[in-house]
Every structure is written in structure tokens, then in C-alpha cells.
Amino acid sequence: MKSSLVITLADEVTAKLNGLDVDGKKLSAVRKLIVDQKLPAARDLFCICVPHALESKIITRGKTKERIVAVDVGIFKRCQESEIADLVTLTENVGDLLESATYKTGVVLGVEYAPIYDVNMFLQQGTFFARLSVNFKVFCK
């Protein structure tokens, strides 16, 4: 059976992040289809990649489809308030690296940050959380 396009791209993003050194910190990433609520309690920096969206339209008479696929990347770390500025910078650097990377399945259209970090999660759980969406364009028949 053919693998899902959005899951394939999420796996590619996960592979790019795993072991990547960003600002002197080595990233650990997993692809999840369902995000466990216990994950934000982790003390180590880690990333979760989640297939997010798939939109398609036929763009030529030859039935070629253009698909827009999004993969969300959550960056988590239990931290002190003094670490937030460095983690925001790390998040931007991760986004830049993902945006400039080459992927087998699609071409990156851009990276969106929403939120660049979640203040409420930090205040309630002491956990830094940032979400970036990597948006891809894929052509297929």
C-alpha cells in the first residue's frame, strides 16, 4: 500500500531534526499522530512532528495535482523563565534550517510560527512550547 503523503513528509522533517545540533543543543524528534498530554512534562529539549494538513487541486488537463501539505513541529522543554529568550532564538533557527533544507517529497513554501512560544503553557506547567508549521508544495499524478 502507498504511504500517506503527509505522513511521509512528517517523517522527512523528523529525520532532518533528529540529532541536529542547533545553538549547541542536540535535538531529539519523533513523529506522532496523536500527541500525549504528558509529553510537555519532559525536562529535555525535544520535538514532535505531526502531519497537519493536506489540500489538493488539479492544475492541468493532464490531471497533475498540486498538493499543499503542512507538518507541525512542536518544540518542548521544561525550563526556567531565564531560558525562554534562548529557546525562542533556537525555535527561529530550527525554522530557518527546516526552510532551507532539501526534501525528497516536496518543496518548502515557508515556515509559520504559531505561537513562537506559548506563555500560558509556561505559566501553568513551567514548559516552553513553540509550534512551527512547515508548508510544502508537492506535485503528483
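Before reading further, recall that the structure is shown in the block above.
Residues numbered from 1 in each chain as written. Predicted model: local features only at pLDDT ≥ 70, side-chain atom pairs only at ≥ 80, totals over all residues. Heavy atoms only, no water.

S.K.: Teacher, can you tell me more about the overall build of the protein chain here?
M.R.: For the protein chain, the helix and strand inventory stands at three helices and seven strands. Listed by position from the N terminus, the elements making up the protein chain come as α-β-β-β-β-β-α-β-α-β. The burial tally for the protein chain puts 41% of its 141 residues in the buried class. For the protein chain, the accessible surface area stands at approximately 8,200 Å², while carbon and sulfur atoms represent 51% of it. (Helix = DSSP H or I, 4+ residues; strand = E, 2+ residues; numbered from the N terminus. Buried < 20%, exposed > 50% of the residue type's maximum accessible area, 1.4 Å probe, protein only. Areas by Shrake-Rupley, 256 points an atom, 1.4 Å probe, with all protein chains shown as cover.)

S.K.: Help me understand the nonpolar core, please; the structure alone is not making it clear to me.
M.R.: Looking at soluble globular proteins, one finds that nonpolar side chains tend to be buried together. Of all hydrophobic cores here, the largest spans 33 residues; its most connected members are Val13, Leu17, Val73, Ile75, Val94, Leu98 and Phe136. Going through the elements one at a time, α1 (5-17), β4 (46-58), β5 (65-78), α2 (84-100), β6 (107-113) and β7 (127-140) are the ones with two or more residues in this core. When sequence neighbours within four positions are dropped, the list of residues in contact with leucine 17 reads Leu27, Ala29, Cys47, Cys49, Val73, Val94 and Leu98. Residues Phe46, Ile48, Val50 and Phe76 belong to the second largest nonpolar core, which totals six residues. (Core = buried A, V, L, I, M, F, W, Y, C linked by side-chain atoms within 4.5 Å. Contact = heavy atoms within 4.5 Å.)

S.K.: Mind showing me how you'd approach the pairing of β5 here?
M.R.: Successive residues of a regular strand alternate their side chains across the two faces of the sheet. In terms of burial, β5 is largely enclosed, as ten of its 14 residues are buried. In this sheet, β7 lies alongside β5 in antiparallel orientation, the contact comprising 14 bridges. Each residue of the ladder has a partner; that of arginine 67, found in β7, is valine 138. (Pairing = 2+ DSSP bridges.)

S.K.: Any chance you could explain the pattern of salt bridges here in plain terms?
M.R.: Opposite charge on two side chains permits pairing when their charged atoms draw close. For the structure shown, the criterion picks out four salt bridges. One salt bridge connects aspartate 11 with arginine 31, and the closest N-O pair in it is separated by 2.7 Å. Of this pair, aspartate 11 sits in helix α1 while arginine 31 sits in strand β3 (residues 29-31), and the two are 20 residues apart along the sequence. Residue arginine 31 is classed as partly exposed on the basis of its relative accessible area, which comes to 30%. Among the ionic pairs, lysine 77 bridges to glutamate 83, the shortest N-O distance being 3.4 Å. (Salt bridge = Lys/Arg side-chain N within 4 Å of Asp/Glu carboxyl O.)

S.K.: Can you walk me through the packing of aromatic side chains in this structure?
M.R.: Geometry of an aromatic ring pair is reported as the spacing of the ring centres plus the angle between the planes. As enumerated under the stated definition, the model contains four aromatic pairs in all. The interplanar angle of 15 degrees and the centroid separation of 5.2 Å between the aromatic rings of phenylalanine 46 and phenylalanine 76 together place this pair among those described as stacked. You can see phenylalanine 46 sitting in strand β4 and its partner phenylalanine 76 sitting in strand β5, a full 30 residues away along the chain. For the pair tyrosine 117 and phenylalanine 128, a centre-to-centre distance of 6.1 Å together with 15 degrees between the ring planes defines the contact as stacked. Of this pair, tyrosine 117 sits in the loop between β6 and α3 (119-125) while phenylalanine 128 sits in strand β7, and the two are eleven residues apart along the sequence. Through a chain of ring-to-ring contacts, three or more aromatic side chains come together here, namely Phe46, Phe76 and Phe129. Between the NZ or CZ atom of lysine 16 and the centre of the ring of tyrosine 103, over which it lies, the distance is 5.3 Å. (Phe/Tyr/Trp six-rings, centres within 6.5 Å; stacked < 30°, edge-to-face > 60°. Lys NZ or Arg CZ within 6 Å of the ring centre and 35° of its normal.)

S.K.: Quick question: what am I supposed to make of the environment of glutamate 92 here?
M.R.: For glutamate 92, the position within the fold is in helix α2. On the accessibility criterion, glutamate 92 (37% relative accessible area) is partly exposed. Considering only alpha carbons, one finds glutamate 92 and valine 111, 19 residues apart in sequence, at a separation of 9.6 Å. When sequence neighbours within four positions are dropped, the list of residues in contact with glutamate 92 reads Tyr113 and Ile116.

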